Amino acid sequence: MTDINKRLNEVPREAGHGSARSAVVTGAGSGIGRAVALALATAGWTVTLAGRRAQALEDTASLLDPGAGPVAVVPADVTDAASVHALFASARDQFGRVDLLFNNAGTFGPAVPPDELDPADWAAVVDVNLTGAFLCAQAAFQAMKEQMPQGGRIINNGSISAHSPRPHSVAYTATKHAVTGLTKSLSLDGRPYRIACGQIDVGNAATELTARMRTGILQADGTTAVEPVMDAADVARTVLHMAELPLEANVQFATVLATGMPYIGRG
């Protein structure tokens, strides 16, 4: 049994849920997406693993222990509407319905001052973090609205940057603030169809994206400092809790962060 699955096996299963629950996880080839996909499958969900790199998705699938829920590998580009449509069509064809979208795919972009950011790099970050999140949410919303029984849950991966920026992060910060607006609108518009939408804001999970936290990263006062990180499996446990609530209940916003990171107060 893998170390991450040992930790995830500690998560209790909620009574009344069966293995028919179906999830789509974007950015499932690494980091938080991989950890969440493993957590869901370990808890008995069927999981469609989505991401641009087929081999990375296959690597995620290979980490599952025997007895986990079935997974499907579906390479997809969240910035392309046709690719997203094909992703959700595949999930529905293979598993019958979509009960959960973990809207996780994201990119940081170049860490430069605003006046040095190339407009093409700005557009690339917006395409993935905001347009991609919308396209996936739109496809999930449609599936959840049409299926019987009706309903489902969308969990958007926001960020600590949805609240407070880092230096040299204008594109990432702007898109993550926008994701919060997306979450609120989806939550409101989903009410008539039993579609719940919440957001998890993560700070310093140990992934490829946060490797520089462990070697030193620019702080608001101009210094460079090493920051603490946390296990991505602990983020996954929180997402699993959100996912397994009945649709009559919703975690609207959750913040999960490395305890000692410079976020609360002055660091």
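Residues numbered from 1 in each chain as written. Predicted model: local features only at pLDDT ≥ 70, side-chain atom pairs only at ≥ 80, totals over all residues. Heavy atoms only, no water.

### Focus: the environment of Gln55
Assignment of secondary structure puts Gln55 in helix H3 (residues 54-62). Separated by 141 residues in the primary sequence, Gln55 and Ala196 place their C-alpha atoms 32 Å from one another. (Helix = DSSP H or I, 4+ residues; strand = E, 2+ residues; numbered from the N terminus.)

### So, unusual backbone geometry
In the segment running from Met148 into Pro149, the intervening peptide bond is cis, with an omega of -5°. Of note, Pro149 is situated in the loop between helix H5 (119-146) and strand S5 (152-157). Within the chain, Arg194 stands out as a residue other than glycine whose phi angle is a positive 60°. Looking at where Arg194 falls in the secondary structure, it is placed in the loop between helix H6 (170-189) and strand S6 (195-203). Residue class for Arg194 comes out partly exposed when judged on its relative accessible area of 40%. In this model, Asn204 sits at a positive phi of 65°, which is unusual for a non-glycine residue. By relative accessible area, which is 6% here, Asn204 ends up buried. (Buried < 20%, exposed > 50% of the residue type's maximum accessible area, 1.4 Å probe, protein only.)

### Here's the deal with the pattern of salt bridges
Oppositely charged side chains are able to pair whenever their charged atoms sit close together. The tally for this structure, following the rule as stated, stands at five salt bridges. A salt bridge links Arg21 to Glu244, with the shortest nitrogen-to-oxygen separation between them at 2.5 Å. Separated by 223 residues along the polypeptide, Arg21 in the loop between helix H1 (3-8) and strand S1 (22-26) and Glu244 in the loop between helix H7 (232-243) and strand S9 (253-257) bring together distant segments of the chain. (Salt bridge = Lys/Arg side-chain N within 4 Å of Asp/Glu carboxyl O.)

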